[in-house]
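What follows is the residue order along each chain.
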Amino acid sequence: AAPAATPARHAPAGYGKAKFGMTLEQVRQLYPALAPAPPFTAAAYFRSRNLTRYLLAGVEIRGLKSPCNVELRFWKNQLWSVITFYGANPFSDVVQKLQREYGPPTTKSSDPTWALGTATLITSPGQLWYSVDGAEIGKDVQREFMEVVRQQQAKKASPAPVGPAPTGSVPMGQGTPATPTP
């Protein structure tokens, strides 16, 4: 038997009928069971007023045996990211499914990644999920994320305010953890 042909690389355009860039209202019309996502899931996120998260529970995914939960993330009210929590499905089955659809991974490692031009697909086997992000909207997400990181680093790097000299009964030359020896 001849080996299976490698599929042409194509980027997913969203989730099912929901395409990257669609509004929450448009996606909700396609998937009425869409519900707010719980505050904590295995896939981390940074808090932003521009990010909203919704979940479809118990979804049948072609190529996987057990149902999955699918989180849809919206950035500035546009579908940006789809995270599939594959739960009881073996990771090897997940990778085979992804390879059938998107060809060999761009990065082959214990957590393979596919760079597909208009979308990026990453896996997180330790946390039992894989995700696909729309690259164009992702640029805006990345800009805000980097700005938040820059602001946090600037706060940490700013010198401590100078105040009055400490007073107390510590003899000169002997420091405490709060007041180091000069």
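This section reports on the structure supplied with the text. Because the structure is predicted, anything quoted here is derived from the model rather than measured.

Our next topic: the packing of aromatic side chains. Evaluation of the coordinates by the stated rule reveals five aromatic pairs. Residues Tyr15 and Tyr31 carry aromatic rings whose centres are separated by 5.4 Å and whose planes lie at 45° to one another, so their mutual orientation is tilted. With Tyr15 in strand β1 (residues 14-15) and Tyr31 in the loop between α1 (24-30) and β3 (35-36), the pair connects residues that are 16 residues apart, well separated along the chain. Considered together, Tyr15 and Tyr31 belong to a single accessibility category, that of buried residues.

Take the environment of Lys76 next. You can see Lys76 is positioned in the loop between β5 (68-75) and β6 (78-85). Once the C-alpha coordinates of Lys76 and Leu51 are considered, the two residues, 25 residues apart in sequence, prove to be 6.5 Å apart. The residues touching Lys76, leaving out its near neighbours within four places in the chain, are Asn50 and Asp140.

Reading across from one edge, β3-β4-β5-β6-β9-β8-β7 is the order of the seven strands in this open sheet, with antiparallel pairing throughout. Each edge of the open sheet carries a strand with a single partner, namely β3 and β7 (113-115). Both β5 and β6 contribute to a ladder of seven bridges, which runs antiparallel. Across the sheet, Phe74 pairs through a bridge with Leu79, a residue of β6. Along the sheet face, helix α2 (residues 91-102) touches β7, β8 (119-124) and β9 (129-134) and points at about 165° away from the line of β8.

With that settled, consider the pairing of β9. Among the six residues in β9, five count as buried, and that is most of the element. Two successive antiparallel strands, β8 and β9, enclose a turn made up of four residues, where Leu128 displays a positive phi of approximately 60°.

Right, let's talk about α2 for a bit. An α-helical turn contains 3.6 residues, so a residue and the one three or four places further along point in the same direction. Along its twelve residues, α2 runs 16 Å from first to last C-alpha, staying within 8% of the 16 Å computed at 1.5 Å per residue. Looking only at α2, the buried set comprises Asp93, Val94, Val95, Lys97, Leu98, Glu101 and Tyr102. Turning to α2, the residues buried within the fold contact β7, β8 and β9. Following α2 by one or two positions, Gly103 adopts a phi angle in the positive range, close to 80°.

Parameters and conventions
Residues numbered from 1 in each chain as written. Predicted model: local features only at pLDDT ≥ 70, side-chain atom pairs only at ≥ 80, totals over all residues. Heavy atoms only, no water. Phe/Tyr/Trp six-rings, centres within 6.5 Å; stacked < 30°, edge-to-face > 60°. Helix = DSSP H or I, 4+ residues; strand = E, 2+ residues; numbered from the N terminus. Buried < 20%, exposed > 50% of the residue type's maximum accessible area, 1.4 Å probe, protein only. Contact = heavy atoms within 4.5 Å. Pairing = 2+ DSSP bridges. Axes fitted to C-alpha atoms, helices over the stretch in contact; angles between N-to-C directions. Expected span 1.5 Å × (residues − 1).

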